[in-house]
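# Descriptive analysis of the structure
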Amino acid sequence: KKYVRDNSKTKGDIAELKVAALFAEKGYFVSRPLTDNAPYDLIVDNGKTLKKVQVKARIKRRGRLSVELFTSMTNYSRRYEDNDFVLLAVYSIDCGRIAVIEWEEIKGQSSLILWIDLPKGNINRTRSFEQYLFL
């Protein structure tokens, strides 16, 4: 019997906790905004710098994880901007692993595809989930 609500809010909450735990295991101090209105989900502190982290939870579809690079609130949505966050953490619900990507690598894009099952053919510009794993 399943007791956890199976909705996107719950999946996002679980992803944030998993990402926070992984950063904490690696020696970071982890903080969280007091409200849901911040353009980031976590702040990680390595003792020298603070970095804002946006967390996304995704389910594999057609061999890949698709991440839209925008924020949506009750009344509006907008694309992420340069100062919103520094790291994007993508939690794969299917395998329970986390990929972490620098904002600088994806800024200006409206979406991100991380392949779990690499496609056949030309994969030069393809991003694999494995290459960004946060181990």
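The structure reproduced in this document is the subject of the present report.

Parameters at a glance
- Starting afresh in each chain, residues are numbered from 1 along the sequence in its written order.
- Reporting of local features is limited, given that this is a predicted model, to residues whose pLDDT is at least 70; pairs of side-chain atoms are given and counted only at 80 or more, and all residues count toward the totals for whole chains, interfaces and linings.
- Hydrogens and water molecules were not included; the side-chain quantities draw on all heavy atoms of the structure.
- Pairing of aromatic rings covers Phe, Tyr and Trp, the last through its six-membered ring, and needs centres within 6.5 Å; plane angles under 30 degrees mean stacked, over 60 mean edge-to-face, and all others mean tilted.
- Working definition: with a 1.4 Å probe on protein chains only, accessible area under 20% of the residue-type maximum means buried, over 50% means exposed, and in between means partly exposed.
- Strand pairing is assigned whenever DSSP detects at least two bridges linking the two strands.
- Only runs of H or I of at least four residues qualify as helices and only runs of E of at least two qualify as strands under DSSP, and these elements are numbered from the N terminus.
- Salt bridges are defined as contacts in which a side-chain nitrogen from Lys or Arg sits within 4 Å of a carboxyl oxygen from Asp or Glu.
- Contacts are assigned to residue pairs that have any heavy atoms within 4.5 Å of one another.
- Take the buried residues of types Ala, Val, Leu, Ile, Met, Phe, Trp, Tyr and Cys, join any two whose side-chain atoms come within 4.5 Å, and each joined set is a nonpolar core.

Counted by the stated rule, this structure contains 4 aromatic pairs. Ring geometry for Phe23 and Tyr28: centres 5.0 Å apart, planes at 90 degrees, overall edge-to-face. Judged by its relative accessible area of 26%, Tyr28 falls in the partly exposed class. Measuring from ring centre to ring centre gives 4.9 Å for Tyr80 and Phe85, while their planes differ by 85 degrees; the resulting arrangement is edge-to-face.

Sheet topology places strand 2 (residues 42-45) next to strand 3 (residues 50-58); 4 bridges connect them, and they run antiparallel. Among the inter-strand pairings, Ile43 is bridged to a residue of strand 3, identified as Lys52. Linkage of strand 2 to strand 3, two consecutive antiparallel strands, is achieved through a turn of 4 residues, within which Gly47 is found at a positive phi near 95 degrees. Two elements, strand 3 and strand 7 (residues 87-92), share 6 bridges in a ladder whose sense is parallel. Bridge pairing in strand 7 places Gln54 opposite Leu88.

So, about the pairing of strand 2. One face of the sheet, then the other: side chains in a regular strand alternate in exactly this way. Where burial is concerned, the two faces of strand 2 differ: the one with Leu42 and Val44 is buried and the one with Ile43 and Asp45 is not. Taken together, the 3 bridges between strand 1 (residues 29-31) and strand 2 define a ladder with antiparallel strand orientation. By the bridge assignment, Ser31 is partnered in strand 2 with Ile43.

Take the pattern of salt bridges next. Two side chains of opposite charge can pair, provided their charged atoms sit close to one another. One pass over the full model with this rule turns up 11 salt bridges. The partner of Glu104 in a salt bridge is Lys107, with the nearest N and O atoms 3.6 Å apart. Exposure remark for Glu104: the relative accessible area of 55% places this residue in the exposed category. In this structure, Arg127 and Glu105 form a salt bridge, with 3.5 Å as the shortest nitrogen-oxygen distance. With a gap of 22 residues between them, Arg127 in the segment after strand 9 (111-115) and Glu105 in helix 2 (residues 103-106) connect regions that are remote in the sequence. A network of salt bridges, in which partner residues are shared, links Lys9, Asp13 and Asp36.

Turning our eyes to something else, we now look at the environment of Ser31. Counting through the fold element by element, Ser31 comes out in strand 1. A relative accessible area of 40% means that Ser31 is categorised as partly exposed. For Ser31 and Ser8, which are 23 residues apart along the polypeptide, the C-alpha to C-alpha distance reads 22 Å. Apart from residues no more than four positions distant in its own chain, Ser31 is found in contact with Leu42 and Ile43.

This part is about the nonpolar core. Counting 18 residues, the largest nonpolar core has Leu69, Leu88, Val90, Ile101, Ile106, Leu112 and Leu114 as its most contacted members. Ignoring any residue separated from it by four or fewer positions in sequence, one finds Leu88 in contact with Gln54, Lys56, Val67, Leu69, Ala99, Val100, Ile101, Ile106 and Leu112. Within the second largest apolar cluster, 16 residues are counted, among which are Val19, Leu22, Ile98 and Val100.

A positive phi angle, near 50 degrees, is found at Arg62, a position not held by glycine. Tracing the sequence through the fold places Arg62 in the loop between strand 3 and strand 4 (64-68).

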